[in-house]
Amino acid sequence: MHRRHTVVDSPYGPLTLVATHGVLSGVYMAGQRYRPPEESFGEPDPRPFTEAVRQLDAYFAGQLTAFDLPLHLAGTPFQRRVWERLLTIPYGQTSSYGELARELGAPTASRAVGLANGRNPLIIIVPCHRVVGANGSLTGYGGGLENKRRLLAFESGTSGTGRRPAAAGTLF
């Protein structure tokens, strides 16, 4: 498998971007739960990531509310279904694990949805941070609950990062 990676700065700490055959296949925070071992990321090479870095920069500047990147989602069929559904949760909004399970036609699978959510290899790009508990509580996030809280606050316009994002649903 031909893999490359680069590390970029973000308001949430360094992000490691991984490409498989030139397609973005991973975005990992430092210390992220289920982060693959460094040696699996391939050689350092920033070239495959120009557009991903541009879009991440625009997102963190509050100028982009939806990513438009080719993605390589490697996982089980159920995991891929969950991750693809995460891509439909609008910027600045949340869904619950139970809602996602019902939308996937598996109303009793909220725990399985949570497990798949936790193994999301494309943190931020595939917005697993937008999934909350049934009562709206912040539960589980591979990048840590503090980063989840900060990402949700950023997207809602109550961010402490000093940048106010565009209104939900607006794409520049």
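Conventions and cut-offs
Residues numbered from 1 in each chain as written. Predicted model: local features only at pLDDT ≥ 70, side-chain atom pairs only at ≥ 80, totals over all residues. Heavy atoms only, no water. Salt bridge = Lys/Arg side-chain N within 4 Å of Asp/Glu carboxyl O. Helix = DSSP H or I, 4+ residues; strand = E, 2+ residues; numbered from the N terminus. Buried < 20%, exposed > 50% of the residue type's maximum accessible area, 1.4 Å probe, protein only. Phe/Tyr/Trp six-rings, centres within 6.5 Å; stacked < 30°, edge-to-face > 60°. Lys NZ or Arg CZ within 6 Å of the ring centre and 35° of its normal. Pairing = 2+ DSSP bridges. Contact = heavy atoms within 4.5 Å.

Now for the pattern of salt bridges. This model, assessed by the stated rule, comprises seven salt bridges. When the shortest N-O distance is used, the salt bridge between glutamate 51 and arginine 54 registers 2.6 Å. Here glutamate 51 pairs with arginine 54, and both are found in helix α1 (residues 50-60), just three residues apart, close to one helical turn. According to the relative accessible area criterion, arginine 54 is partly exposed, its value standing at 48%. Among the ionic contacts, a cluster of salt bridges with common partners joins Arg4, Asp45 and Arg47.

What follows deals with the packing of aromatic side chains. In total, this model carries six aromatic pairs according to the counting rule given. When the centroid spacing of 5.3 Å and the interplanar angle of 70° are considered together, the rings of tyrosine 59 and phenylalanine 60 count as edge-to-face. Side by side, tyrosine 59 and phenylalanine 60 carry an identical accessibility label, which is buried. For the ring pair tyrosine 59 and phenylalanine 67, a centre distance of 5.3 Å and an interplane angle of 40° mean the geometry is tilted. Here the aromatic cluster, defined as three or more aromatic residues joined through ring pairs, consists of Tyr12, Tyr59, Phe60, Phe67, Tyr91 and Phe154. Over the aromatic face of tyrosine 34 sits the side chain of arginine 119, whose NZ or CZ is 3.7 Å from the ring centroid.

Let's shift gears to the sheet that holds strand β1 (residues 3-8). Pairing between sheet strands relies on hydrogen bonds along the backbone, with the strands arranged either parallel or antiparallel. One open sheet holds the four strands; their spatial order is β3-β2-β1-β4, and the pairing between them is mixed. Every other strand in the sheet has two partners, leaving β3 (23-29) and β4 (43-44) as the edge strands with one partner each. Alignment of β1 against β4, held across two bridges, turns out to be parallel. Counted as the bridge partner of histidine 5 is proline 44 from β4.

So, about the environment of histidine 72. For histidine 72, the location among the structural elements is in the loop between α1 and α2 (77-86). Assessed through its relative accessible area of 32%, histidine 72 is described here as partly exposed. Taking the C-alpha atoms as reference points, histidine 72 and valine 23, separated by 49 residues in sequence, lie 6.0 Å from one another. When near neighbours in sequence (up to four residues on either side) are disregarded, histidine 72 contacts Thr20, Val23, Leu24, Ser25 and Leu122.

This brings us to the pairing of β3. Burial analysis of β3 places six of its seven residues in the buried class, the great majority of the element. By the bridge criterion, six bridges tie strand β2 (residues 15-20) to β3 in an arrangement that is antiparallel. Residue pairing for β3: threonine 20 is matched across the bridge by valine 23. The antiparallel hairpin formed by β2 and β3 contains two residues in its connecting segment, where histidine 21 sits at a positive phi of about 50°.

What follows covers α1. Within α1, the full set of buried residues consists of Ala52, Gln55, Leu56, Ala58, Tyr59 and Phe60. The elements touched by buried residues of α1 are β2, β3 and α5 (145-156). The first or second residue beyond α1 is glycine 62, which carries a positive phi of 80°.

What follows is about the environment of leucine 17. Tracing the sequence through the fold places leucine 17 in strand β2. As a C-alpha pair, leucine 17 and alanine 116 span 99 residues in sequence and 20 Å in three-dimensional space. In this view, leucine 17 contacts Arg4, His5, Thr6, Val8, Leu24, Gly26, Val27, Phe49, Ala52, Val53 and Leu56; residues no more than four positions away in its chain are not counted.

Treat this as a map of the structure, not an account of what it does.
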